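# Observations on the three-dimensional arrangement
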Amino acid sequence: MNKILISILFLFNLSIIAATQDGVTLPDTVKLSGKELVLNGLGTRKATWLGIKVYVGGLYMQKKSSDYKTFLNDQSPKQIIMEFVRDVDADDLIGGWKDAFKNSVKADDMPKLKDRIEKFYTYFTDIKKGQKMTFNFLSDGVESTINGKALEKINGADFSKAMLSVWFINATDKGLKDGLLGL
């Protein structure tokens, strides 16, 4: 009887400290820039008309919000974790980012972001199932960690906002967008 009770309590505690979707478990909180961020929501990126699952993403912020128009302009730290549920080659990753930036960033803003976006594309290599990408959106730029490797920060609040926008402005995957917004 005691073993059953302990098992139930253990499982209950796991549900409090983590969220799971499509076999991927992400923590309910993370620390960034000395602040505790909470999981706003998580969703699965599906690609092509077949709805092939690519990654599970989680959005972390200081306060939960379903209004991206507000938090895109807020310079408090945010984080997105992407854990891949399938292998994806670098060309497909870069192609997806190119489409996302094109869809979400105003054409007038692209010239001043171009060099930084091009630098960002150099960060990608083939990714395997189970590997992660973490992006820290800060008031002065974006810190990227891909497959456990911290990469050079890309500076600029404008780049941070532009990159975070890809999940919310003219997003090609409404299910992922809604999941990240906790809807």
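### Some remarks on the environment of Gln-79
- In this fold, Gln-79 is placed in strand S6 (residues 78-84).
- Each C-alpha atom of the pair Gln-79 and Asn-136 lies 4.5 Å from the other, and the pair is 57 residues apart in sequence.
- If sequence neighbours within four positions are ignored, Gln-79 has contacts with Val-30, Leu-32, Leu-37, Gly-58, Leu-59, Tyr-60, Thr-134, Phe-135, Asn-136 and Phe-137.
- Within polar-contact distance, the side chain of Gln-79 engages the side chain of Asn-136 at 2.6 Å.

### Description of the side chain of Ser-160
- Structurally, Ser-160 can be placed in helix H5 (residues 157-165).
- Among the polar contacts listed, one links the side chain of Ser-160 to the backbone oxygen of Leu-138, at a separation of 3.1 Å.
- Leaving out residues up to four positions away in the same chain, Ser-160 has contacts with Phe-137, Leu-138, Gly-141 and Val-142.

### What about the pairing of strand S4 (residues 35-47)?
- For strand S3 (residues 29-32) and S4, the ladder comprises four bridges, and the chain directions are antiparallel. Residue pairing for S4: Lys-31 is matched across the bridge by Glu-36.
- What sits between S3 and S4 in their antiparallel hairpin is a turn of two residues, with Ser-33 showing a positive phi close to 55°.
- As defined by bridge partners, S4 adjoins strand S5 (residues 52-61) across nine bridges and the pair is classed as antiparallel. Directly across from Arg-45, in S5, lies its bridge partner Tyr-55.

### Regarding the pattern of salt bridges
- Tallying each qualifying case throughout the model produces eight salt bridges.
- Close ionic contact of Lys-112 with Asp-109 constitutes a salt bridge, the shortest N to O distance being 3.7 Å.
- Of the residues examined, Lys-112 reaches a relative accessible area of 52% and is grouped as exposed.
- Owing to a relative accessible area of 27%, Asp-109 belongs among the partly exposed residues under this scheme.

The rules behind these values
Residues numbered from 1 in each chain as written. Predicted model: local features only at pLDDT ≥ 70, side-chain atom pairs only at ≥ 80, totals over all residues. Heavy atoms only, no water. Helix = DSSP H or I, 4+ residues; strand = E, 2+ residues; numbered from the N terminus. Contact = heavy atoms within 4.5 Å. Polar contact = N/O pair within 3.5 Å; in protein donor to acceptor, adjacent residues only side chain to side chain. Pairing = 2+ DSSP bridges. Salt bridge = Lys/Arg side-chain N within 4 Å of Asp/Glu carboxyl O. Buried < 20%, exposed > 50% of the residue type's maximum accessible area, 1.4 Å probe, protein only.

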